[in-house]
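Letter by letter, the chains look like this.
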Amino acid sequence: MGSDRHDHDHDHDHDHDHAPIAEGSAVSDESLRLERALRELLIDKGVIDAESIRRQIEVTESRTPAEGARVVARAWTDSTYRDWLLADAKSAIGAFTGLDLAGTPELRVLENTASRHHVVCCTLCSCYPRAVLGVPPSWYKNAEYRSRVVREPRAVLAEFGTELPAGVQIRVVDSTADLRYLVLPLRPAGTDTWSEAELAGVVTRDTMIGVTLPRAAGDRSAGGPVSVAPPLGRPGQDDPSR
Amino acid sequence: MTPPVRLRPGTRVRVDARGVDHHCRTPRYLRGRLGRVVAHLGAFGDPETLAYHRPGALRNLYQVEFEHAELWSPGEAGVLIAADLFEHWLSVEDD
Amino acid sequence: MSSAAHDMGGDPAGPVDRSEPERTLFEQRVDAMQRLLCAPDRALFTVDALRRAIESLPADTYRGLGYYERWLRAMAMLLVERGVIAEDDLRVRVAALAAGGTTRRAGDPAGAPPPEAGR
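Residues numbered from 1 in each chain as written. Chains lettered and ligands numbered in written order. Predicted model: local features only at pLDDT ≥ 70, side-chain atom pairs only at ≥ 80, totals over all residues.

Asks: Sorry if this is basic, but what is going on with the overall build of chain A here?
Replies: Scanning chain A from terminus to terminus reveals eleven helices and four strands. By residue count, 43% of the 242 residues in chain A fall in the buried class. When contacts within chain A are restricted to residue pairs at least 6 apart in sequence, those whose partners lie at least 24 apart make up 67%. (Helix = DSSP H or I, 4+ residues; strand = E, 2+ residues; numbered from the N terminus. Buried ≥ 20, exposed ≤ 12 C-beta atoms within 10 Å, placed from the backbone. Contact = placed C-beta atoms within 7 Å.)

Asks: What's the story with helix α5 (residues 87–98) of chain C in this structure? I'm lost.
Replies: An α-helical turn contains 3.6 residues, so any two residues separated by three or four positions project in the same direction. Under the 1.5 Å per step criterion, the end-to-end length of α5 of chain C is 16 Å for twelve residues, consistent within 8% with the ideal 16 Å. Those residues of α5 of chain C that are buried are in contact with α1 (29–44) of chain A. Immediately downstream of α5 of chain C, the backbone of Gly100 of chain C shows phi near 90 degrees, a positive value. (Expected span 1.5 Å × (residues − 1).)

Asks: Explain the interface of chain B and chain A to me, please; I cannot follow it from the model alone.
Replies: Buried accessible area, meaning the area lost when the parts come together, often serves as the stated size of an interface. Contacts between the two partners involve 16 residues from chain B, matched on the other side by 16 residues from chain A. In terms of residue count, strand β4 (residues 79–86) of chain B provides more of the side of chain B that touches chain A than any other element does, seven residues in total. Here the side of chain B that touches chain A is composed, by residue class, of twelve nonpolar, two polar and two charged. Bridge count between strand β3 (residues 169–174) of chain A and β4 of chain B: five bridges; the pairing is parallel. (Nonpolar A, V, L, I, M, F, W, Y, C, P; charged D, E, K, R; others polar. Pairing = 2+ DSSP bridges.)

Asks: Before we go on, may I ask you to explain the nonpolar core in this structure?
Replies: One recurring pattern in soluble globular proteins is that nonpolar side chains are buried together. By size, the foremost hydrophobic cluster in this structure holds 70 residues, and its most contacted members are Val72 and Val119 of chain A together with Val64 of chain B. Val119 of chain A has contacts with Val149, Pro153, Leu157, Ile170, Val172, Ile209, Gly210 and Val211 of chain A, leaving out every residue within four places of it along the chain. Counting 34 residues, the second largest nonpolar core, distinct from the first, contains Leu41 of chain A together with Ile54, Tyr68 and Trp71 of chain C. (Core = buried A, V, L, I, M, F, W, Y, C linked by C-beta atoms within 7 Å.)

Asks: Would you mind showing me how to read the interface of chain A and chain C here?
Replies: Across the boundary between the two partners, chain A contributes 54 residues, which contact 54 residues of chain C. Of all the elements, α1 of chain A adds the most residues to the side of chain A that touches chain C, at twelve residues. Of the residues assigned to the side of chain A that touches chain C, the class counts are 23 nonpolar, 13 polar and 18 charged.

Asks: Sorry if this is basic, but what is going on with the sheet that holds strand β1 (residues 12–15) of chain B here?
Replies: Within a sheet, each strand pairs with its neighbour through backbone hydrogen bonds, oriented either parallel or antiparallel. A sheet is described by the order of its strands in space; here seven strands give the open sequence β2(A)-β3(A)-β4(B)-β3(B)-β2(B)-β1(B)-β5(B), paired in mixed fashion. At either margin of the open sheet sits one strand with a lone partner, and together these are β2 (116–121) of chain A together with β5 (90–92) of chain B. Going across the sheet, the axis of each strand differs from the next one's by a mean of 35 degrees, ignoring polarity. As judged from the three bridges shared by β1 of chain B and strand β2 (residues 34–45) of chain B, these two strands associate in the antiparallel manner. (Axes fitted to C-alpha atoms, helices over the stretch in contact; angles between N-to-C directions.)

Asks: Hey, could you run me through the confidence of the model for chain A in this one?
Replies: Caution is warranted with low-pLDDT regions, since their predicted coordinates should not be read in detail. Residue and element names in this part refer to chain A. On average, residues of chain A score 85 in pLDDT, and 79% of them are at 70 or above. Overall, residues 1–25 carries pLDDT values under 50, and its contacts beyond four positions in sequence, including any with other chains, amount to 29 contacts. In this model residues 218–242 is a low-confidence stretch, pLDDT under 50, and it forms 33 contacts with partners more than four residues away in sequence or in other chains. (pLDDT = per-residue confidence, 0-100.)

Asks: In this structure, what is going on with the pairing of β3 of chain A? I would like to understand it.
Replies: A regular strand places its side chains on the two faces of the sheet in alternate fashion. All names here are of chain A. Counting buried residues along β3, five of its six residues qualify, which places the element largely inside the surrounding structure. Direction of pairing for β2 relative to β3: parallel, over a ladder of six bridges. The residue bridging Val120 from the neighbouring strand is Val173, located in β3.

Listed below in structure tokens is the structure:
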């Protein structure tokens, strides 16, 4: 399942003329032909056009978890905003980020606490808060996560390197209907003096799904915005690794 | 016309155990299981008919919570599973 | 009708593969087409119908296809069901591509992909 198909150096141009990279288990030639045939048939019938497809791809690819991270950072620092977010996520997120969420599914935010940890899934398909987080990762849509997270969430979390303190209740939320769920992770210790930008820097996509915990000290895990380190010598900052 | 909300938070409910041959959003791992209503989530068009491009009557949707031990054996303490289920799949379980 | 292969909560499964291969053009196009076709201005099929169509794939087909491959087949099924396209038209085009040809004319609009030799 490697992605290492580009064995020569060139800018990644989406209209490249060599074989497309296969997804997961390799996309069959049959699928590639079907996609092209369907797309061209729809274009020729005037149902869609190539430009709209291209624009839609750009829009979709541009949606990243960064806005969600900013929402979390705001909720961590502003309890009034947090209350609004928990009561009416779409309106709170729309107002703060400027995202146009009209026509998108209902959204709810699940607040993690010292005694309760939420993790989100969709066992039936791949329901996911796309409007805020963008496209879900492959693992979220694949059989292993969907099958196992409702049955052995601690073991699944361990595969993500996540171990919750003893006594923390896990609540697995299966998005079976029209609502989409976003986790408000627990603010990590030692961040009391951090700015919102710094806080947003530790909020990755996976922390908003609930499979990982935001890490305040020294961790630069892939999958989200780059941490912004506070300036050296900042008063009250007791983490020597910064 | 929104249907009357029949289930209150805290109510113990049994998920119908019936098998269906059409699209539905009640996972098999919850069928026949006992849970507790957490919240009424609103009324939404019935996916079971919308999936066939027939009108979807508004149905009340609830978040229902299940103890891990109710669903799986061996059960694991400190784990809850919540799912969003439609009212027509839920019946009140008398104590 | 529904094979219930999709209804997998609690089924035994292996470890989660966390790798995230770069999204391919195939995936991006399938995703884009689905969004366009379901958008309010076209609304050619509902997302519920898309799920239903995916679920109707036979179990071994469901399991043997990738995520977007399932979407693609479901979309084609629904577009035929809704009378937007004729199954024969689609079949003819697929066959033409399989035979190593192209379904497009030489002077395609800018941005259309170059003819892909049936690989």
